[in-house]
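# Tertiary structure, described
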Amino acid sequence: MVHYEEDSSHYDHHGPDAAYTLLGKDLKLFSDAGFDMEKIHLKRNAPVAQLYEDAIKYEGAVISSSGALINFSGKKTGRSPKDKRIVYEETSKDDIWWGSVNIKMDEHTFEINRERAIDYLNTRDNVYVFDGFAGWEPAYRIKVRVICARAYHALFMHNMLIRPTEDELKNFGEPDFTIYNAGQFPANRFTAGMTSTTSVEINFKRKEMVILGTEYAGEMKKGVFSVMHYLQPVKFGQLSLHSSANEAKEGGNVTLFFGLSGTGKTTLSADQNRALIGDDEHVWSDKGVFNIEGGCYAKTIGLSKEKEPEIFSAIRFGSILENVVYDPATRIADYDLDTITENTRCAYPIEFIPNAKIPCLTSHPPTNVVYLTCDAYGILPPVSKLTREQAQYWFILGYTSKTPGTEDGVVEPSPTFSTCFGQPFIVLHPSRYATMLAERMDETKANVWLINTGWVGGKFGQGKRCPLKYTRKIIDAIHDGTLAKGEFETFPIFDLAIPKSLENVPDELLDPKKAWKDSEKFEAERTKLANMFTDAFKKYASDCSPEVCAAGPKF
């Protein structure tokens, strides 16, 4: 006898027979995939309350004092980039940027792991299915099916994918991509090509993703992003981006924000005077800009109501707190503790953010593109206007820096170069994304800005972090157009155009050299940083135009 459950809304409106028929259209797909339909208990697009109840009953989850579900991802509390693989097959092999980011897997090994995952799922009492969409633009969205054995994972993807309406679910049909998440069960590390018990693998020919050996929910989110990073350029001819986006509330004047962790991407895109399109993953299409996701996956370490009130208020019924420590008596979450991990997170539907634009798309192309960096060397200007070639150069490098730690005695900042501001998720060669970005900027005449939210007046330990109030003044001047109309001068070696003055921003802040007490030390550090850029770009140079190669530092 086949066991099934549907979203309760189907029972309310159509009765249980209709619910069976709705899932019945997909029964053959599950059976053909290897699922034992006589034994497993499928719960498709289960209501949030039911997922709460199952997570509490079967997984040891608890409800926080604010109503969010607190759950835990087990041994893995972050992504496993060294265990991410893409199947080497004829339909995609010529497009993939093979190497340490996209590790090759043979088709036979994928079949072994896929069968291992399905065999494991067949042993579970409950198997959860969530059908949703990636991409808010109907012309370019894909249908994603998630099959997993944890209610926590089902609720996570309910929040992160775009939730279908009742009619969309009824007519969902065959998915464009399927995720088999058997993360509680390990990969066999003796299987050819395996280096550990964890494997996150994508097969573009089969349109499938398999997860083994990690219960970290973020693998599914970023797996979908990797899929979109391939399909959008290759299948649809659209540009996928690791960025946040907002828009003037009256419409138009769209800004894209690129930036790695710690650069201020989330903080600066969350502007009460503008509508939030999304905080992490977007597509710049021929129709405008659209969010890939239906939710947000925010870091919670150090979170407070005073610093980030919108995120704090979004942690309520329907949200998931992941690996967050809580008081066992009061169930109050402690966002300052990193006992389990520093990578504590909350996943919530984007409509939990008051100024979110729903649907999360705009028909207007970006007016401004902002690259955020946190330069701990204290060299880069707080704001620079980039040329077309510089925009590609800086995009390909994706520079920021890490501040020194105290535990291992490191006293110098360290550079981080993450191509396209999201190297772990890149599928094609970075130059393909950079070229598409330049073409779109040419078409729309978008301005490109480099914003340094890092140190001024000296490197880390000597200078100070650029005050947020000044960075916000700069962003405001970008949005209202006054910065683009100002006068600029050249910042030597990096050859950047920096404003001569900006209202309410000190002149000595705009030109970093003026803020340093020792100009000789400044020049030495500038040359040192420039050499790091030159060395980092060498591996990309052969695939870039001479003009882009020449857009780097000039000695």
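For the structure given in this document, a descriptive report is provided here. Along each chain, numbering runs from 1 in the same order as the chain's sequence is written. Local features in a predicted model are, by the rule used here, given only for residues with pLDDT of at least 70; side-chain atom pairs are given and counted only at 80 or more, and totals for whole chains, interfaces and linings are based on all residues. As a rule here, side-chain values come from all non-hydrogen atoms in the structure, and water together with hydrogens is ignored.

### With respect to the overall build of the protein chain
Strands are runs of DSSP state E lasting at least 2 residues, helices are runs of H or I lasting at least 4, and numbering of each runs from the N terminus. When helices and strands are tallied, the protein chain shows 15 helices and 30 strands. Relative to the globule expectation of 24 Å for 555 residues, the C-alpha radius of gyration of the protein chain, 24 Å, shows essentially globular dimensions. Its C-alpha atoms put the protein chain at 80 × 55 × 50 Å along the principal axes. Burial classification: accessible surface area is computed with a 1.4 Å probe over protein chains only, and a residue below 20% of its type maximum counts as buried, one above 50% as exposed, and the rest as partly exposed. Expressed as a percentage of its 555 residues, the buried residues of the protein chain come to 58%. Contact definition: two residues touch when any of their heavy atoms are within 4.5 Å. Expressed as a percentage of contacts within the protein chain between residues at least 6 apart in sequence, the contacts between residues at least 24 apart total 73%. All accessible areas in this document rest on Shrake-Rupley with a 1.4 Å probe, and a residue is counted as covered only by the protein chains that are shown. When the accessible surface of the protein chain is totalled, it reaches about 22400 Å², and 50% of it is carbon and sulfur. Taking the average place of the 64 positive charges on the side chains of the protein chain and the average place of its 76 negative ones, the gap between the two points comes to 3 Å. Throughout, the radius of gyration refers to the C-alpha atoms, and the reference size of a globule is 2.2 Å times the residue count to the power 0.38. Under the counting rule used here, the positive set is Lys and Arg, the negative set is Asp and Glu, and His together with the chain ends is not counted. By convention, the point assigned to a charge is CZ for Arg, NZ for Lys, CD for Glu and CG for Asp.

### Some details on the nonpolar core
Working definition of a nonpolar core: buried Ala, Val, Leu, Ile, Met, Phe, Trp, Tyr and Cys residues. They are joined through side-chain atoms within 4.5 Å. Grouped together as the largest cluster of nonpolar side chains are 130 residues, with contacts concentrated most on W284, Y371, W394, F395 and F494. Apart from residues lying up to four places away in sequence, W394 is in contact with Y371, L380, L386, Y399, F421, L450, F494, L496 and F533. Counting residues in each nonpolar core, the second largest holds 24 residues, with L42, M105, Y120 and L121 among its members.

### So, the environment of S285
Looking at the secondary structure, you find S285 in strand β16 (residues 282-285). Between the C-alpha atom of S285 and that of I147, which follows or precedes it by 138 residues, the distance is 30 Å. Excluding its chain neighbours within four sequence positions, the residues that come into contact with S285 are Y140, Q238, F290 and R440. Think of a polar contact as two N or O atoms within 3.5 Å of one another; within protein, one of them needs to be a possible hydrogen donor and the other a possible acceptor, and neighboring residues in sequence only count if both atoms come from side chains. A distance of 3.0 Å separates a polar atom in the side chain of S285 from the backbone nitrogen of K287.

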